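If you want the building blocks of each chain, they are given just below.
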Amino acid sequence: MELDAGVKQSADALNDMADFVVEDLESFVNVELEVDKNSQTSEHNMSVITQALFQNGEEDESDSEDDDDSGTDHFNCARGGTQLQRCERRSGVNSGVPDTFQTSHLLFYERFKAYQDYMLGDCKPSEVKAFTADYLEKVLEPCDWLALWCTDVFDVLVEVRDLDLKDLKACVRLVLPLQCETRGCELTEDAMTALLEATQQRVLLQELHVVYDSSGDFDQTALALEHLRFFYKHIWRQWDEEDEDDDFDYFVRCVEPRLRLYYDILEDRVPAGLVSEYQSLLESCSKVFQQFSSLRSELVSDSDSELDNISMVEGLKLYDQLETLRRKLHIIENPLLRYVLGYRGNSRQQCVQSRGLRCSGVKVVHVVTASCSSLQLQSLLSDRLLPLSSSEDTQIQFHRDPVSAVDSSHQGDVVLILPGVYSVSSSMFIPDSISVEGFGLPDEVVIEKKNKGDSFVESTGAEVKLSNIKFIQHDAIEGILCVRQGTLNMENCVLQCETTGVIVRTSACLNMTRCDLYGSKGAGVEIYPGSVCSLIGNGIHHCKDGILIKDFAHELDVMPSITMENNVIHNNEGYGVILVKPNDEEQQGDAGDSVGPSPDPPFTSTTTSTLTASGPAQLESAENNNSTEGGASTSGRKWQFSRQLSRNKETSCVTRAVQDLKDHQVFVSVQGNQFRRNGLGDYGTFYY
């Protein structure tokens, strides 16, 4: 009996403990224990408790991982206090409005996860608004929170009373007394009340900034509005919904590349000229789309008037312009296509003007040194200065750094750089025919660039010479050396790249002899259409690709002309030599290869789709679309524009290894080259 009493007492204690543990775990798992007074129930309770504890541990781990992601943990509100920073309106100045949450400095991965996992998922372009509204419905506080209504003209404090998520708007009430900041205007309480009445008390959600609250209750509301605001400012395009081919993942095709481009630009990983070109293309595309939309809305569905015929022709022209601009935008937005095709964007970059000959006719020898020994000076004098200064119209100038020496040079000058490590913070522009020589071995004469910039060395002179110098690149965007125009003769140099390598632009010429190039995250040497490149006796290694040849000549360009002799190309991640060409050439069996169906070239259009004056259009036969007189005179016909199917976003890329490219017409001479341990092979072709 004593034993039975002990067992019963233990079971009761265990049941009490079970009730305690389960009650403590109530916020994580839903467990109900029916407590009996027999030992079998106690055993069952113990197993349930064990299961709950393990489940709790797993959820704790997952919650801790989510908590690390401050920009995407939208649905976990069990926090003590806000996790966001305060955004002060104006430092040191009394502001008429309260502070808001600081949400504009989110990292790439935070925005990426928010759009992919919460806001957009795998939606189609036509579903973006519905998915966004559904996301906001789950996250936003429905009412009774304060926000600043921010426009270009004013910031005013309002209270949110209700949400109209279908139109992505909020119903607000003006907070009295009026609290506002204005820019270039006077704003009274009566004027603001009248403005809100005109808008039926409804404002765009993306114009609202949540007022700072330390409790943490409004963190997710502030983050959600930031994601909405950023999306419609930097990601969404007015023409995204215009695709008839709507059956694709909008996040994968549009959101991710545009988001990556935004952060690449923000972190100075895209050349300034290309950024300028991208912004210009966006503005042009927006204007053309507005004109096209306006013309489309003015068309009458059932009309055979001559005026409507003319409008239809104008619409076709506008849409053709729109598609061309969209394709160019897509090339810049796609990282891979930007790498192999986006060269037009920098053609507008202004080069430093040539200084020409000095008016006096004097030529100068520029000596660069921080300090030197008497032995070095004596050697310099006998080996270089005396031969160069034999004529009376030659002067000698001394400089402490190479950039100032080059900036002071005129046509025909010589820059002599004595041994030493020279750290420079600006790019080196060479607009004149000069010679820049290292007085010693390349490892003894080192020029190192540390600050960010589009390129390290840019050459535009008619006949420039570089020799016996080691260039070390840090954070250059466009390349360690860029030959934009003219001829650059480079001999016995070392190029230690960190981002990209040597670029030879259209109409430029590079003669590179006995040089060593390594470390490029792009191609070691990038050769553009219409250029001339001679590579003899060089080592090109440990780059993404050894040599990238762009054989996609514009109608005004010619193919590049390349000489490759006795080079050692080894240990590159991709190919030793890779040729970029349009996919239509692949279809024609160029180089003996044949790959599956080829997409359209980025700058041409071959497919059609339909656009109507009102509502979705129905497809017509090609005969009706091409008919100008008979079709136009048919009463009751729905006017349609021939429209392309936006295949630009489906541009696919095919990379294929080939046995040899020696017989390709871009090569003038190919002999004596050695290829070793290149990741994907010696030669390859990139079809786009």
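## Observations concerning the packing of helix α4 (residues 128-139) against helix α6 (residues 219-235)
One can describe the packing of α4 onto α6 by two numbers: an axis separation of 9 Å at closest approach and a directional angle of 165°. The angle between α4 and α6 falls in the class roughly antiparallel. The two elements α4 and α6 cross, and the hand of that crossing is left-handed. In contact with Val128, Thr132, Tyr135, Leu136 and Val139 of α4, α6 contributes Gln220, Thr221, Ala224, His227, Leu228, Phe231 and Tyr232.

## Some details on α4
Along its twelve residues, α4 runs 17 Å from first to last C-alpha, staying within 8% of the 16 Å computed at 1.5 Å per residue. Buried within α4 are the following residues: Val128, Thr132, Ala133, Tyr135, Leu136 and Val139. Around the axis of α4, the buried residues are gathered within 165° of arc, so they sit on the same side. What points out from α4, more than 90 degrees from its buried face, is the exposed set Ala130, Glu137 and Lys138. Where α4 is buried, its residues contact α3 (108-119), α6 and α7 (250-266).

## Examining the confidence of the model for the chain
Mean pLDDT over the chain: 77, with 70% of residues reaching 70 or higher. Confidence, expressed as mean pLDDT per element, reaches its minimum in the chain at strand β32 (residues 609-612) with 34 and its maximum at strand β23 (residues 509-513) with 97. Overall, residues 344-350 carries pLDDT values under 50, and its contacts beyond four positions in sequence, including any with other chains, amount to 18 contacts.

## A look at the sheet that holds strand β29 (residues 561-565)
Ordered in space as β10-β9-β11-β14-β17-β20-β23-β26-β29-β35, the ten strands form an open sheet in which the pairing is parallel. Lying at the two open borders of the sheet, with one neighbouring strand each, are β10 (394-399) and β35 (667-671). Between one strand and the next, the sheet's axes are offset by a mean angle of 10°, whatever the strand orientation. Of the strand pairs in this sheet, strand β11 (residues 414-417) and strand β14 (residues 435-438) are connected by four bridges, and their pairing is parallel. Each residue of the ladder has a partner; that of isoleucine 417, found in β14, is glycine 438. Its contacts with the sheet put helix α11 (residues 374-388) on β9 (363-368), β10, β11 and β14, and the angle it makes with β11 is roughly 175°.

Reading the values: the criteria
- Residues numbered from 1 in each chain as written.
- Predicted model: local features only at pLDDT ≥ 70, side-chain atom pairs only at ≥ 80, totals over all residues.
- Heavy atoms only, no water.
- Axes fitted to C-alpha atoms, helices over the stretch in contact; angles between N-to-C directions.
- Helix = DSSP H or I, 4+ residues; strand = E, 2+ residues; numbered from the N terminus.
- Parallel < 35°, antiparallel > 145°, perpendicular 65-115°, else oblique.
- Left-handed = near helix turned anticlockwise from the far one by under 90°.
- Contact = heavy atoms within 4.5 Å.
- Expected span 1.5 Å × (residues − 1).
- Buried < 20%, exposed > 50% of the residue type's maximum accessible area, 1.4 Å probe, protein only.
- Arc of directions from axis to C-beta.
- pLDDT = per-residue confidence, 0-100.
- Pairing = 2+ DSSP bridges.

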